[in-house]
Every structure is written in C-alpha cells, then in structure tokens.
Amino acid sequence: DTVLVLGSGVLGMLNIKYAKMLGVKKIIATDIRESRLGFAEQFGADYMFKADEYTPDKLRKVNNGELADLVLLCAGAKQATEQALKSSGLGGRVIFFATPKKGEKVGIDFSKLWRTGFEWKPTYGASPKACRDSFELIRRGKIKVKDMITHRFLLEDISKGFEIASTGEDNGAKVIIKPHGIDR
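This one's a predicted model, so the numbers in the text were calculated from it and none came from an experiment. (Residues numbered from 1 in each chain as written. Predicted model: local features only at pLDDT ≥ 70, side-chain atom pairs only at ≥ 80, totals over all residues. Heavy atoms only, no water.)

In terms of nonpolar packing, the biggest core is built from 19 residues, with Leu4, Leu6, Leu59 and Val71 touching the most fellow members. Broken down by secondary-structure element, the contributors of at least two residues to this core are β1 (2–6), α3 (56–62), β4 (68–73), α4 (78–86) and β5 (88–96). Leave out the neighbours within four places in its chain, and leucine 59 touches Leu4, Ile28, Tyr54, Glu66, Leu67, Ala68 and Ser87. In this structure, Ile16, Val24, Ala29 and Met148 belong to the second largest nonpolar core, which totals 18 residues. (Core = buried A, V, L, I, M, F, W, Y, C linked by side-chain atoms within 4.5 Å. Buried < 20%, exposed > 50% of the residue type's maximum accessible area, 1.4 Å probe, protein only. Helix = DSSP H or I, 4+ residues; strand = E, 2+ residues; numbered from the N terminus. Contact = heavy atoms within 4.5 Å.)

On to a nonpolar patch on the surface. A surface patch of nonpolar side chains, amounting to about 270 Å² of accessible area, comprises Tyr18, Met21 and Leu22. Using a relative accessible area of 52% as the deciding quantity, one classes leucine 22 as exposed. (Patch = residues over 30% accessible without salt bridge, like charges linked within 9 Å, V, L, I, M, F, W, Y side chains within 5 Å. Areas by Shrake-Rupley, 256 points an atom, 1.4 Å probe, with all protein chains shown as cover. Salt bridge = Lys/Arg side-chain N within 4 Å of Asp/Glu carboxyl O.)

One non-glycine residue, asparagine 64, lies in positive phi territory at about 50°. Secondary-structure assignment places asparagine 64 in the loop between α3 and β4. Residue asparagine 64 is classed as exposed on the basis of its relative accessible area of 70%.

Quick look at the side chain of glutamate 82 now. As for its position among the elements, glutamate 82 is in helix α4. Lysine 78 is the oppositely charged side chain nearest to the buried, salt-bridge-free glutamate 82, at an N-O distance of 4.2 Å. Look past the residues within four positions of glutamate 82 in its chain and what remains in contact with it is Val106, Gly107 and Ile108. (Lys, Arg positive; Asp, Glu negative; His and termini not counted.)

A word on the pattern of salt bridges. According to the stated counting rule, one finds four salt bridges in the structure shown. Note that aspartate 133 and lysine 129 form a salt bridge whose closest N and O atoms lie 2.6 Å from each other. Of this pair, aspartate 133 and lysine 129 both sit in helix α5 (residues 128–139), separated by four residues, roughly a single helical turn. Judged by its relative accessible area of 38%, aspartate 133 falls in the partly exposed class.

Dropping the structure here:
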C-alpha cells in the first residue's frame, strides 16, 4: 500500500506514525514548511515534497508509475484538496481531515474520477470508539507522541507559544503550555 499525507503538521505527523505502525510500504508526505518535512521523515515518511512543488507525476515517479492507494488530506489549502483528488489511484481512497476555507471552490474535473472507483470520506472529529482506540495506542506505546513536542511554555509565555504554533517559527511542531510549571 501507498499512503500520501498532504500536510505534515501534527495531524499529518500522527497519520504518518500510524501508517508506519500498520506497516504501510510507502509513505509520501507534503508540506509548505521544510521543518515539517524533516519531522515527516523522522516519523516514517519515505519521500517528502514541498507542497507547492508536488504533483501527481512526482508521486508516480517514486511509486512505480502509480498513484496512491490512500490519500490523507491534513491541510486546509485549496491546492492541497485539488492535489488529493488528483493523487488517488484506481480504487483508491481520499480521507478529508481538513477542507478549504468556507466558500472557497475547488476546481476538479470529476469526469476524470468517474471510472476510477475512488472513495472519499470527509471526517470531522472522531467517534468515542476511535478516541478510545487512539488513546490505547498511545498508552501502550504503539504511537509515541512525546517526540512530537518541540516547545514547552509556562502560562505567562503563552503568547510566544501561540506565535510559534501558528507560524512554525523556531521549527515548532507541537507546542505545550504548562500552567503549573514545565516538566520534561
């Protein structure tokens, strides 16, 4: 199986770790930030592309001429959504963990997807069972999350934490605010 993760923020990183844990043979990741591509590689992606340079043809080059079996859309950019729909192979699936901004239209020729047998699934949040299953994977150490935390701040430094979290400055991935002191 081949998994393409579009958007390598925290959600993308978790999906990369999960795919790796499941034994996915080839994981490809994209992001607009080089630092996130570094995290994607660290957590198990085999190939990384800058989001603005990614094309389905580049996917085919690293995937024996094929598109992805599963595409996980973890970025809310219109371009990422269009890339997701164009990157699903025959019988492939696209799962939308993010969508473009409200009112933003996505330009895609669905006639090209008509006979591919692709499935798409929008998702928002998670069921109680999915949450329990996810927490159990973390609790049992199957999915490690502490290595995703790049910064810890006290409550009085919350504005700096939000700045790093929103801009990705200082190679920020996951920022934690600890109101009662920082424990490593």
